[in-house]
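Okay, here's what each chain looks like letter by letter:
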Amino acid sequence: LQALEEQSPPSRWSPRLDRDTIIDAHLAVTAAGTERARASVQTSLHVPYGSGDGEKLDIYFPKDPSGTFPVLVYIHGGYWQCLSKDESGFAAPPLVSRGVMVVAVGYDTAPRGHMDSMVLQVRRSLAFLVEQYPGIRGIYLCGHSAGAHLAAMVLSTDWTGFRVVPDIKGVVLVSGVYDLEPILHTYVNDALNMSREVAQRNSPMGHVTPAGPAACEVLVVVAQHDSPEFRRQSQEYSQALRAAGWSVSLLDLASVDHFDVIEKLSEDSYILTQV
């Protein structure tokens, strides 16, 4: 347990900055990047996809929003209890310039939000987008950290209860958590207050479905300076998907940590932006 407590804070593992300043730095970088995006891109902010306070989207439109376009849906991290869509538009500029619509999803973080409801909110936000924007030509999901967990949970969605089936073409999971049980006994669960049943029900690792004919491609990304636990989960989850017939690539990125692995998506030349 002691080892898990130490592995849980990703901030401990970065060689760049000490653990107290790296979170603040991450907030500053993503907030500034989002501000730049909002100033330079046509947007529709705080679009409600449900009636809850947190159920809102920020949409960054491509240059010509009249035609059809792919959409990248970004789901933020923050251990399911901090950050928001308001710092989640930093990746928009390089993508919208290539004709991609970028959407940052808001969801109710803990303690207000419950793990079951966060998973449902992300699924509902995708259904809403499909109904609202007929011009969407394929959805690509990108989640970071806790957001990668929520994106992975989308892969096991039974869409029969929804009015539409989103055409998900690809999922990019960056430095994610795919098994929630190890965090039950860490400080992370203080705000989440998950029982073992809730953790099991919402662990992508335990809900890998066989890949159907319409299965999308999955890119699992891990940073060199992610903690050993994050790296282990990424490897095991990608192996589990592959064993179930999914088309999976594991991208292990050198000389980045849990934070700049995603921050650099604001740069055109970054390998992940290119991919």
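Residues numbered from 1 in each chain as written. Predicted model: local features only at pLDDT ≥ 70, side-chain atom pairs only at ≥ 80, totals over all residues. Heavy atoms only, no water.

- In the nomenclature of an unreviewed UniProt entry, the protein is known as KFA formamidase of Grallaria varia.

**A few points about helix H2 (residues 19-40)**
Then step 1. For H2, with 22 residues, the first-to-last C-alpha span of 32 Å sits near the 32 Å given by 1.5 Å per residue.
Then step 2. Residues Ile22, His26, Thr30, Gly33, Thr34 and Ala37 constitute the buried set of H2. Buried residues of H2, seen end-on, are gathered within an arc of 100° and therefore sit on one face of the element. Looking at H2, the residues exposed on the side facing more than 90 degrees away from the buried face are Asp20, Asp24, Glu35, Arg36 and Ala39. (Helix = DSSP H or I, 4+ residues; strand = E, 2+ residues; numbered from the N terminus. Expected span 1.5 Å × (residues − 1). Buried < 20%, exposed > 50% of the residue type's maximum accessible area, 1.4 Å probe, protein only. Arc of directions from axis to C-beta.)

**Considerations on the nonpolar core**
Then step 1. Formed by 57 residues in total, the largest nonpolar core has its most connected members in Trp80, Met101 and Leu173.
Then step 2. When neighbours within four sequence positions are excluded, Leu173 is seen to be in contact with Gly143, Ala148, Ala151, Ala152, Tyr178, Val218, Leu219, Val220, Val221 and Tyr237.
Then step 3. If you look at the next biggest cluster of nonpolar residues, it comprises 26 residues, including Tyr60, Tyr74, Phe90 and Val256. (Core = buried A, V, L, I, M, F, W, Y, C linked by side-chain atoms within 4.5 Å. Contact = heavy atoms within 4.5 Å.)

**Overview of the UniProt feature "domain: BD-FAE-like" (unreviewed entry) in the protein**
Then step 1. In the numbering used here, UniProt assigns the feature "domain: BD-FAE-like" (unreviewed entry) to residues 57-157.
Then step 2. Split by type, residues 57-157 is 32% helix and 25% strand. Its first and last C-alpha atoms lie 20 Å apart. (UniProt positions renumbered as here; feature names shortened; annotations may be inferred.)

**What about the sheet that holds strand E5 (residues 136-144)?**
Then step 1. Strand order in the open sheet made by the eight strands is E1-E2-E4-E3-E5-E6-E7-E8, with mixed pairing throughout. Each edge of the sheet is formed by a strand with only one pairing partner; in this case those strands are strand E1 (43-48) and strand E8 (247-257). Neighbour-to-neighbour, the strand axes of this sheet turn through a mean angle of 20°, independent of strand direction.
Then step 2. Sheet analysis places strand E3 (residues 69-75) next to strand E4 (residues 101-105), joined by five bridges and oriented parallel. Within E4, the position partnered with Tyr74 by the bridge is Ala104.
Then step 3. On top of the sheet, helix H5 (residues 146-154) reaches E3, E5 and strand E6 (168-174); it is set at about 135° to E5, its chief contact. (Pairing = 2+ DSSP bridges. Axes fitted to C-alpha atoms, helices over the stretch in contact; angles between N-to-C directions.)

**Re the pattern of salt bridges**
Then step 1. Applying the stated criterion across every chain yields a total of 16 salt bridges.
Then step 2. Between Arg38 and Asp86 there is a salt bridge, with its nearest N and O atoms 3.4 Å apart. Of this pair, Arg38 sits in helix H2 while Asp86 sits in the loop between E3 and helix H3 (92-96), and the two are 48 residues apart along the sequence.
Then step 3. For Arg38, a relative accessible area of 27% corresponds to the partly exposed category.
Then step 4. Given a relative accessible area of 35%, Asp86 falls into the partly exposed group.
Then step 5. The network of salt bridges with common partners includes Arg38, Asp58, Lys85 and Asp86. (Salt bridge = Lys/Arg side-chain N within 4 Å of Asp/Glu carboxyl O.)

**A short note on the environment of Pro65**
Then step 1. Along the chain, Pro65 turns up in the loop between strand E2 (56-60) and E3.
Then step 2. Sequence-wise, Pro65 and Arg12 are 53 residues apart; in three dimensions their C-alpha atoms are separated by 42 Å.

**Quick word on the packing of helix H4 (residues 115-132) against H5**
In helix packing, the relevant descriptors are the interaxial angle and the interaxial distance, both defined with respect to the helix axes.
Then step 1. Where H4 contacts H5, the two axes come as close as 9 Å, and the packing angle between them is 65°. Here H4 is positioned roughly perpendicular relative to H5, judged by the angle of their axes. Here the hand of the crossing between H4 and H5 comes out right-handed. The segment H4 lies against H5, with Met115, Met118, Val119, Val122, Arg123 and Leu126 engaging His149, Leu150, Met153 and Val154.
Then step 2. Class assignment for the residues of the contact of H4 with H5 results in eight nonpolar, one polar and one charged. (Parallel < 35°, antiparallel > 145°, perpendicular 65-115°, else oblique. Left-handed = near helix turned anticlockwise from the far one by under 90°. Nonpolar A, V, L, I, M, F, W, Y, C, P; charged D, E, K, R; others polar.)

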